[in-house]
Number of protein chains: 2
Amino acid sequence: MTGSKTGLNPAAVLSMVGQGYYSERTAGARNVINTATEMVRDALATTPATDRIRLADYGAADGGTSRTMWSIVLTELRNNGDNRQVEMIYTDLASNDFSTLFRMMQGFDGDPADAYQKNLDGVFVHGCGTGFHDQLMADNSLNLGFSATAMHYVSSKPCELTSHVHMVGATLDEQSAFRQQAAQDLERILLARAAELVPGGRFICFNFGIDDDGRFLGNTGGVHMFNTFDKHWRGLRDKGRISAEEYTRATFTQHYRTMDEFLAPFNDPQSAVSQAGLVLKSSKSVLTPCPYRAAYDASLGAAEGGMSARDFAKTLIPTMRSWSETVFTTALDQRPKDEAMAIVDEFYQAYEDEVAANPDGHAMDYVHLVIDVEKSA
Amino acid sequence: MTGSKTGLNPAAVLSMVGQGYYSERTAGARNVINTATEMVRDALATTPATDRIRLADYGAADGGTSRTMWSIVLTELRNNGDNRQVEMIYTDLASNDFSTLFRMMQGFDGDPADAYQKNLDGVFVHGCGTGFHDQLMADNSLNLGFSATAMHYVSSKPCELTSHVHMVGATLDEQSAFRQQAAQDLERILLARAAELVPGGRFICFNFGIDDDGRFLGNTGGVHMFNTFDKHWRGLRDKGRISAEEYTRATFTQHYRTMDEFLAPFNDPQSAVSQAGLVLKSSKSVLTPCPYRAAYDASLGAAEGGMSARDFAKTLIPTMRSWSETVFTTALDQRPKDEAMAIVDEFYQAYEDEVAANPDGHAMDYVHLVIDVEKSA
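About the thresholds
- Residues numbered from 1 in each chain as written.
- Chains lettered and ligands numbered in written order.
- Predicted model: local features only at pLDDT ≥ 70, side-chain atom pairs only at ≥ 80, totals over all residues.
- Heavy atoms only, no water.
- Helix = DSSP H or I, 4+ residues; strand = E, 2+ residues; numbered from the N terminus.
- Rg over C-alpha atoms; globule rule 2.2 N^0.38 Å.
- Contact = heavy atoms within 4.5 Å.
- Areas by Shrake-Rupley, 256 points an atom, 1.4 Å probe, with all protein chains shown as cover.
- Lys, Arg positive; Asp, Glu negative; His and termini not counted.
- Charge placed at Lys NZ, Arg CZ, Asp CG, Glu CD.
- Salt bridge = Lys/Arg side-chain N within 4 Å of Asp/Glu carboxyl O.
- Buried < 20%, exposed > 50% of the residue type's maximum accessible area, 1.4 Å probe, protein only.
- Buried area = accessible area lost by both parts, 1.4 Å probe.
- Polar contact = N/O pair within 3.5 Å; in protein donor to acceptor, adjacent residues only side chain to side chain.
- Core = buried A, V, L, I, M, F, W, Y, C linked by side-chain atoms within 4.5 Å.
- Phe/Tyr/Trp six-rings, centres within 6.5 Å; stacked < 30°, edge-to-face > 60°.
- Lys NZ or Arg CZ within 6 Å of the ring centre and 35° of its normal.
- Axes fitted to C-alpha atoms, helices over the stretch in contact; angles between N-to-C directions.
- Parallel < 35°, antiparallel > 145°, perpendicular 65-115°, else oblique.
- Left-handed = near helix turned anticlockwise from the far one by under 90°.
- Nonpolar A, V, L, I, M, F, W, Y, C, P; charged D, E, K, R; others polar.
- Least-squares fit on C-alpha atoms with pLDDT ≥ 70 in both.
- Pairing = 2+ DSSP bridges.

Draft legend 1. View of the overall build of chain A. Of the regular secondary structure elements, chain A holds 14 helices and eight strands. Taken against the 2.2 N^0.38 rule, which gives 21 Å for 377 residues, the C-alpha radius of gyration of chain A at 21 Å falls within 12% of a compact globule. Each principal axis of the C-alpha atoms in chain A carries an extent, and together these give about 60 × 50 × 40 Å. Sequence-distant contacts, at least 24 apart, represent 81% of the contacts inside chain A between residues at least 6 apart. A total of about 14400 Å² of accessible surface is found on chain A, and carbon and sulfur atoms cover 49% of it. Treating the 33 positive side-chain charges of chain A as one cloud and the 49 negative ones as another, the clouds have centres 2 Å apart.

Right, here's the structure in full:
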C-alpha cells in the first residue's frame, strides 16, 4: 500500500466504502499499530497465567489495521509453547462492518498470512457492537485490552463548533466544552476497562492527541490539515453553496487530548480511576510520518515517469476522506443524497486541487499519545 | 405479526432483506422459541453456580426470533436475585447482519421491551461470525447453548439433487449422501459444544426434522410445500424459462434428520459424542401450526371484509420466501441479477397464484425435533 503510486478514482473510492475500504486507505494507521507490536507482546507476557487468555481490540473498525500486529503476537505466543486458548473480542459501534471483520480473520478476505483465527489453533474471534464508553464484558475476564486511533471520538457533541470544523481550531469556550466531555468520557472508558481487566491485566491505548510540541494529526509543521478542511468548507459557505447552518453542523465529534489530559486520572490518587486500581505504567507520544508523503518524496519526478503532484494529491485526499467524509455528509443530511454527495465531492476536489497546485507541506502525519495501564493485582 | 392481514407487496418484501427482514417474516419461528422458554429457564437453573454465566445462541440470524425468550429468561433470573454477570454470544455465518442484531439488543431497533442488554444490568452481548460446526469459544466456558431452526443446514452440499429441490424428495442415493453429511456434521456440532460447555452445562437444540409420523416443515397432512416448490421450479424448466442445469442447481443445503438420526450419537456409548461426556436428557418433537394459516382461518371471509385467499397467499409466500429465495437466486447466478430476480419473482408468483386459486391445505406448519443435552459433570 504505502508504495502505491496509482492515482485513485474518487468514484471508485466511494464505491469501496464498507468493503475493507477503511483499512485499505489507512496504511498509516496500520504502520502505527505495527510499532505497537512490541508493547503488546511484552505486556501480554507479564499478565497473570490465567487458564485462557482474553484479548480485546476497542474501536477496531474492520480489524484490518491491527490484524498484522495480532497475528505476530499470537503466532509468537504459540511458537513460545503457550497453547492456552485465546478469545479475541473486537469492539465497535453496532453499525460497524463486522461481516468483513469476521471474513478477514477466517481468511476469506485480505492477506491470508494474517488470518490468525484460521492459521492458529485455539483462537476464537468475537465481536461486540456496543460503544467502548460502556463495560463490554464480564468483570475480571480480560487479560489485555488494546485500542488504536479510536478513543478520540467523544460519546456526544457538547456543542456545534461555530468557527471551525474541529475542536483544534474552535473558540476557547467550545474547546473547553469538548475538553470537559472528553474528560468525562475518559473516566468512563477507564472505569469500564478497570472492571473488565483481571488483576494484573493491561490496557494499551494509542490515541490521537496533541503532543508536547503542540503537534497533532495533519499539523506537524507543514500545512495544517484541519485548517484546510475548514478553509474549503467555509469557502463553500462564503460562495453560497452551503448554508451557514450547514457550515456549523460540520463538527467532528472528536477531542484531541493533551498528555496532561490523558494522565490526569492517574496523577490523582483519589480519582475514581486510581481508586479502581488502574496504574500508569508508561506514556509517550509517537509521530508517524505520512506514508503517502513518504512515497511521493521517494518517487522520481513526474518528468522521469514518477509521481506528479496530482498523483500525490490523489493518494493523500482519499486517506483523509476515509474517516472525515461522514462529518460533511451528515452536515448536509437535509439535502437529497446525490446533491449532498456532489457538494462533498467538490469539497475534497478543492483540497486535492490545492495540493496538486503546490504540494509543499501537505501530509497527514499521525501523532499518537500512548498510555500503558495496569490494573493492580 | 401473526394477526396481520395486510397484503404484502413483493417489491417491498425484497427491499427489506437484511433489515430485520428475517425476524419480521418468521413469526412462526418466534412462536416455537417462546415455547422453549420454559426448557431454557429450567435447564439454566440446574447448571453449575459459576461466577458468571455464559450463554450462546447458535445460528441466531438477527437475533429477533429468540429475543423475547432470552429477555424473559434473563429478566426472571434477575427477579430471582441472581445478579451474576451474563455474557450472551450470538453466532452465525460471517455474512450475517450483526449490526441489526446489536442494534436490537441495545434497543435501537425492534420492541424496546425485549432489549434485554439495555433493560438489565450486567448483561453483555457478543457476536461470533464463524459457523457452528466449529468450536466457537474457549473450553469449559459455556453454561448453556441454544439453537433454533438453524442446524438443518449442512456444512456443504454432498451433491446436487437431480429430481427435486430438497432432500425430502430426492432419490435414495442422494438422500443417503445428505444423511451421511448430516451425521458427520452433527458429530462435529456436538463435539464442539462438548468442548465449550462447562461440566454440567446444557445444550438445547430445536431443529427442523422429520417426526415419527413422517411430518416436516410444510408437510403435515395438507399440500406438500417442498413438492410445490419443486413443481413450480420444474415447470420453469419444462417451459424453457430456466435450463436443466439451473433446475438441478436449486438444491437446499439442508438435511431434515429423523429422531433416530439425532439420537444415534447418544445411543452408542462408544461414540465420540458419548465419550466426550454428552448425555441426552430428553427429546421430543413439536408441531407449531402455521401462524399465517391460523390468522386466515380465524378471519372473516372476504365477503365480510376479512381475508381473501389472495390476502392469505400474500402473507404465506413471503414467510417461505424469506429463507428459501437464496436457493433459487444462487441457481441462477450465471444470469444478470435483474433477469434472475424476474424469474424468481415469477416462481413465487406461481406459488402465490396456486394458493390464491385454492387455499385448501396450504400452510407452513413447523416441525421441530428437540434435544436437550447435558455435559456430564
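Having seen it, we continue.
Draft legend 2. Layout of the pattern of salt bridges. Scanning the model with the defined rule gives 53 salt bridges over all chains in all. The shortest N-O distance in the salt bridge between glutamate 339 of chain A and arginine 335 of chain A comes to 2.7 Å. Residue classification places glutamate 339 of chain A among the partly exposed positions, given a relative accessible area of 34%. Between glutamate 246 of chain B and arginine 335 of chain B there is a salt bridge; the shortest N-O distance is 2.8 Å.

Draft legend 3. Representation of the interface of chain B and chain A within the structure. Taken together, the contact between chain B and chain A spans 28 residues of the former and 28 residues of the latter. Between chain B and chain A, roughly 2100 Å² of surface is buried when both sides are summed, and carbon and sulfur atoms account for 48% of that area. Joining chain B to chain A, the criterion identifies two salt bridges. Where arginine 54 of chain A meets glutamate 87 of chain B, a salt bridge forms, and the shortest distance between an N and an O atom there is 2.7 Å. Viewed at the interface, chain A and chain B are joined by 21 residue pairs in polar contact (both at pLDDT 80 or more). Where the side of chain B that touches chain A is concerned, the elements lending two or more residues are strand S2 (86–91), helix H5 (98–105) and strand S3 (123–128) of chain B. If you tally residues by element for the side of chain B that touches chain A, the top one is S3 of chain B, at five residues.

Draft legend 4. Region of interest: the environment of aspartate 353 of chain B. Looking at the secondary structure, you find aspartate 353 of chain B in helix H14 (residues 337–357). Here the alpha-carbon distance between aspartate 353 of chain B and alanine 148 of chain B, two residues 205 residues apart in the chain, equals 31 Å.

Draft legend 5. Here's a closer look at the nonpolar core. Core analysis: the biggest nonpolar cluster contains 160 residues, and Phe229 of chain A together with Phe229 of chain B have the highest contact counts within it. Leave out the neighbours within four places in its chain, and phenylalanine 229 of chain B touches Val165, Phe252, Met320, Trp323, Ser324, Phe328, Phe347, Tyr348 and Tyr351 of chain B.

Draft legend 6. Quick look at the packing of aromatic side chains. All told, the structure shown has 54 aromatic pairs over all chains when counted by the stated rule. Ring geometry for phenylalanine 208 of chain B versus tyrosine 256 of chain B: centroids 5.9 Å apart, planes at 65°, classification edge-to-face. Here phenylalanine 208 of chain B is found in strand S5 (residues 197–210), whereas its partner tyrosine 256 of chain B is found in the loop between helix H9 (244–249) and strand S6 (257–258), with 48 residues between them in sequence. By the burial criterion, phenylalanine 208 of chain B is buried, and tyrosine 256 of chain B matches it. Taking 4.6 Å as the distance between ring centres and 10° as the angle between the ring planes, the aromatic pair formed by tyrosine 296 of chain B and phenylalanine 312 of chain B counts as stacked. Placement of the pair is tyrosine 296 of chain B in helix H12 (residues 291–298) and phenylalanine 312 of chain B in helix H13 (residues 309–331), with a sequence separation of 16 residues. Looking at arginine 237 of chain A, its charged tip hangs above the ring of tyrosine 247 of chain A, at a distance of 4.5 Å from the centre.

Draft legend 7. Spatial organisation of the packing of H12 of chain B against H13 of chain B. Residue and element names in this part refer to chain B. At a closest axis distance of 9 Å, the pairing of H12 and H13 adopts a crossing angle of 165°. Comparing the axis directions of H12 and H13 gives the class roughly antiparallel. The two elements H12 and H13 cross, and the hand of that crossing is right-handed. Mapping the contact onto sequence places Tyr292, Arg293 and Tyr296 in H12 and Ala309, Phe312, Thr315, Leu316 and Thr319 in H13. A class-by-class count of the residues in the contact of H12 with H13 yields five nonpolar, two polar and one charged.

Draft legend 8. Layout of the relation of the copies chain B and chain A. When chain B is fitted onto chain A, the two copies agree to an RMSD of 0.0 Å after a turn of 180° and an axial shift of 0.0 Å. What we have between these two chains is a two-fold relation. Ranked by how close their C-alpha atoms come to the rotation axis, the residues of chain B are headed by glycine 127 of chain B, at 2.4 Å. Here 100% of the contact residues of chain B are again contact residues in chain A; the copies associate through an equivalent surface.

Draft legend 9. Representation of helix H10 (residues 259–267) of chain A. Among all positions in H10 of chain A, only Met259, Glu261, Phe262, Leu263, Pro265 and Phe266 of chain A are buried. Buried residues in H10 of chain A make contact with helix H7 (172–196), strand S5 (197–210), strand S6 (257–258), helix H11 (272–275), strand S7 (278–288) and strand S8 (366–375) of chain A.

Draft legend 10. The arrangement of the pairing of S8 of chain A in detail. Residues and elements named next belong to chain A. The buried fraction of S8 amounts to nine of the 10 residues, a majority that puts the element mostly inside the structure. By the bridge criterion, seven bridges tie S5 to S8 in an arrangement that is antiparallel. Paired with phenylalanine 208 across the two strands is histidine 368, which belongs to S8. Two elements, S7 and S8, share 10 bridges in a ladder whose sense is antiparallel. Paired with leucine 278 across the strands is lysine 375, a residue of S8.

Draft legend 11. Representation of the packing of helix H8 (residues 225–238) of chain A against helix H14 (residues 337–357) of chain A. Residues and elements named next belong to chain A. The interhelical angle for the contact between H8 and H14, taken along N-to-C directions, is 130°, at an axis separation of 10 Å. When the axes of H8 and H14 are compared, the pair comes out oblique. In the packing of H8 onto H14, the handedness of the crossing is right-handed. Judged by residue contacts, Met225, Thr228, Phe229, Lys231, His232, Trp233 and Leu236 of H8 engage Ile343, Glu346, Phe347, Tyr348, Ala350, Tyr351 and Glu354 from H14. Each residue belonging to the contact of H8 with H14 can be placed in one class, and the counts come to nine nonpolar, two polar and three charged.

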